[in-house]
Amino acid sequence: MIIICDKCKTRFRLDTSLIKKTLFKVRCSKCKHVFSVDTSPKEDVYELKQTNIEPEKKVITICNHKGGVAKTSTCLNLGTSLSMMGKRVLLIDFDAQANLSLLLGQKNEFSFYEIVQKEIDILKVIKNVRTNLWLLPSNTRMALLAQQCLQQKDFGFFLRDALKPIKDHFDYILVDTPPSVKFFTPNALMAADFVIIPTQCEFLAMNGVLQTENIIKAVTKTHVLDYRVLITLFDNSNTASKVIYAKLQKKYESKILKTIINFDSKMQESQIVNEPIAYYDDKALSARQYHALAKEIEVL
Ligand SMILES: Nc1ncnc2c1ncn2[C@@H]1O[C@H](COP(=O)(O)OP(=O)(O)OP(=O)(O)O)[C@@H](O)[C@H]1O
Ligand SMILES: [Mg+2]
């Protein structure tokens, strides 16, 4: 975690896994100031309060058939921005790669696998990771779910059913999905009220959006699931990006979110230290853009 000296405001990275206590003292190596650090979660998952807010877009699934388009980064950073606006946000790592869990420094935790196959209470699996922000982590055992459950009746409703008892605890539930279509994406789409399709402005990525649209239609045959396309990893200096952006705007019109997320090296730095960008550097371009996205999603 990042620790900031109370006195000189120098930022340090501290490996808290080496420290047994949750409340301890540290000495700043720059100004020698001694101050207390409290790493205990600020709220306990068993003390979740009911929220009366029932936004139409409570469960937002973030998906794109194409890999590496910033699905996980969007889930983490949009969720963080919403949580900083005072919303109670649950992030669901619904990908056996467990990248979302890794970005939050969570490893080898229980996951949706244990909820389904070992009947562990979902509230025991959900962890409070920041103020107003919770995580349902993933682990590599999640990969077994696809094999073990595909034959089961109603396998596409596992996530929707698991969320029913806890939905009232949160204002938003954001689901990160893998690029593959098997098991996870259909489950995440059946649980969703709304979908965000992140995409880069690249020629092949346009095809990814089209495929994802078709997957949404194929999975949700009985109802219409609304979606928006989010431009990510945008490079202002790249002419091809601008051309593809214009094409996407023409094709998808109002389905394209106004907020664009630029390529930002600060985002990559933040991921090295397991911090959402807004906690790492709230002034960074991508932090400001994810805040703007959160506001845009709020009023959609
Ligand atoms: N705004 C950004 N600026 C710079 N790099 C970014 C930004 N957003 C994401 N990245 C980087 O792009 C890469 C892909 O991001 P991410 O893992 O979020 O994509 P993904 O769609 O979830 O990938 P996968 O399909 O494998 O799950 C990562 O290395 C991440 O650090
Ligand atoms: Mg991902």
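Numbers given for residues are sequential positions, taken from 1 along each chain in its written order. The naming scheme follows written order: chains are lettered A onward, ligands numbered 1 onward. Given that this is a predicted model, residues contribute local features only at a pLDDT of at least 70 and side-chain atom pairs are listed and counted only at 80 or more, while totals for whole chains, interfaces and linings are drawn from all residues. Each side-chain value is worked out from all heavy atoms of the structure, with water and hydrogens disregarded.

*Asks:* An account of the overall build of the protein is requested, with residue identities and associated values reported.
*Replies:* In DSSP terms, a helix is any run of H or I states spanning at least four residues, a strand is any run of E spanning at least two, and both are numbered starting from the N terminus. When its secondary structure is counted, the protein shows 12 helices and 12 strands. Our radius of gyration looks at C-alpha atoms and nothing else; its globule reference is 2.2 Å times the residue count to the power 0.38. Taking 19 Å as the expected radius of gyration for a compact globule of 300 residues, we find that the protein reaches 20 Å, a close match to that expectation. Along the first, second and third principal axes, the C-alpha atoms of the protein reach 60 × 50 × 35 Å. Taking all 300 residues of the protein together, the buried fraction comes to 52%. By definition in these notes, contact holds between two residues if any of their heavy atoms fall within 4.5 Å. The contacts of the protein with a sequence gap of at least 6 include a subset with a gap of at least 24, amounting to 75%. Here the accessible surface of atoms and residues is derived via Shrake-Rupley with a 1.4 Å probe, and residues count as covered only by protein chains that are part of the display. Of the roughly 14,800 Å² of accessible surface on the protein, 53% is carried by carbon and sulfur atoms. Averaged over its 42 positive side-chain charges, the protein has a centre that lies 4 Å from the centre of its 32 negative ones. Each residue gets one of three labels from its accessible area relative to the maximum for its type: buried under 20%, exposed over 50%, partly exposed in between, using a 1.4 Å probe on protein chains only. By the counting rule applied here, Lys and Arg register as positive and Asp and Glu as negative, while His and the ends of each chain are not counted. We put the charge of a Lys on NZ, of an Arg on CZ, of an Asp on CG and of a Glu on CD.

*Asks:* Tell me about the site of ligand 1, residues and numbers included.
*Replies:* Neighbouring ligand 1 are 18 residues, the closest being Lys71, Thr72, Ser73, Asp264 and Gln271. Within the contact set of ligand 1, an oxygen atom lies 3.0 Å away from a backbone nitrogen or oxygen of Ala70. Distance and chemistry together define a polar contact, namely a pair of N or O atoms within 3.5 Å, with one atom able to donate a hydrogen and the other to accept it when in protein, and with adjacent residues in sequence counting only for side-chain atoms on both sides. The contact in question runs from an oxygen atom of ligand 1 to an N or O atom on the side chain of Thr72, over 2.8 Å. Lining residues are those with an atom within 4 Å of a point, where the points come from a 1 Å grid over the protein atoms alone and group into cavities, where a 1.4 Å probe fits but cannot get out, or pockets, open sets with protein on both sides within 12 Å along at least five of seven lines. More than half of a molecule's atoms within 2 Å of the grid points is what it takes for that molecule to sit in a cavity or pocket. Among the cavities detected, the one that contains ligand 1 is the second largest pocket. Elements supplying a minimum of two residues to the shell around ligand 1: helix H1 (71-84), strand E12 (256-262) and helix H10 (265-272). Under the scheme applied here, ten amino acids are nonpolar (Ala, Val, Leu, Ile, Met, Phe, Trp, Tyr, Cys and Pro), four are charged (Asp, Glu, Lys and Arg), and all others, including Gly, are polar. Grouping the constituent residues of the shell around ligand 1 by class yields 7 nonpolar, 8 polar and 3 charged. Residues are labelled near a given molecule or strand when at least one of their non-hydrogen atoms is within 4 Å of it.

*Asks:* Let's hear about the layout of surface pockets: which residues, and what values?
*Replies:* Counted as a void, the second largest pocket has a volume near 410 Å³. Lining the second largest pocket are 24 residues, with Val69, Ala70, Lys71, Ser73 and Gln271 positioned closest to its centre. Mapped by element, the contributors of at least two residues to the lining of the second largest pocket are H1, helix H2 (99-103), strand E11 (226-234), E12, H10 and helix H12 (285-299). Taken together, the residues of the lining of the second largest pocket sort by class into 9 nonpolar, 12 polar and 3 charged. Grid points are joined across faces, edges and corners, and a volume is the space filled by probe spheres set on the points.

*Asks:* Go over the packing of helix H7 (residues 184-191) against helix H8 (residues 203-219) with me, naming the residues and quoting the values.
*Replies:* For every element, the axis is a line fit to its C-alpha atoms; helices are fit only across the contacting stretch, and the angle between N-to-C directions ranges from 0 to 180 degrees. Their axes nearest at 10 Å, the elements H7 and H8 cross at an angle of 70°. Between H7 and H8, the angle falls in the class roughly perpendicular. At the point where H7 passes H8, the crossing takes the right-handed sense. Residues Thr185, Pro186, Leu189 and Met190 of H7 lie in contact with H8, whose contacting residues are Ile215, Ile216 and Val219. Our angle categories are set so that under 35 degrees counts as roughly parallel, over 145 as roughly antiparallel, 65 to 115 as roughly perpendicular, and the remainder as oblique. For any pair of crossing helices, the crossing counts as left-handed if the nearer helix is rotated counterclockwise from the farther one by less than a right angle, and right-handed if it is rotated clockwise.

*Asks:* Please set out the domain arrangement of the protein residue by residue, giving values where relevant.
*Replies:* Assigned domains within the protein: domain 1 (2-38) and domain 2 (45-299). For each domain, the first and last residues come from an automatic or database assignment. Taken over C-alpha atoms, the centre of domain 1 sits 32 Å from the centre of domain 2.

*Asks:* Describe in detail the confidence of the model for the protein, supporting the description with residues and values.
*Replies:* Per residue, pLDDT measures the predictor's confidence, with a range of 0 to 100. Taken over all residues, the pLDDT of the protein has a mean of 89, while the share at 70 or more is 94%. For the stretch residues 43-48, pLDDT sits under 50, and the model shows 15 contacts to residues farther than four places along the chain or on other chains.

*Asks:* Can you lay out helix H9 (residues 239-252) for me, pointing to particular residues and giving the numbers?
*Replies:* Multiplying 1.5 Å by the residue count of a helix minus one yields the expected span of that helix. Under the 1.5 Å per step criterion, the end-to-end length of H9 is 20 Å for 14 residues, consistent within 8% with the ideal 20 Å. Inspection of H9 places Ser241, Ile244, Tyr245, Leu248 and Tyr252 among the buried residues, and these make up the whole buried set. End-on view of H9: buried residues confined to an arc of 110°, all on one side of the axis. Set apart from the buried face of H9 by more than 90 degrees, the exposed residues are Thr239 and Lys250. Lining the buried residues of H9 we find strand E10 (194-199), H8, E11 and E12. For H9, the side-chain oxygen to backbone nitrogen distance between the N-cap and Ala240 is 2.8 Å, and the N-cap itself is Asn238. Think of the arc as the fan of directions from the helix axis to the C-beta atoms.

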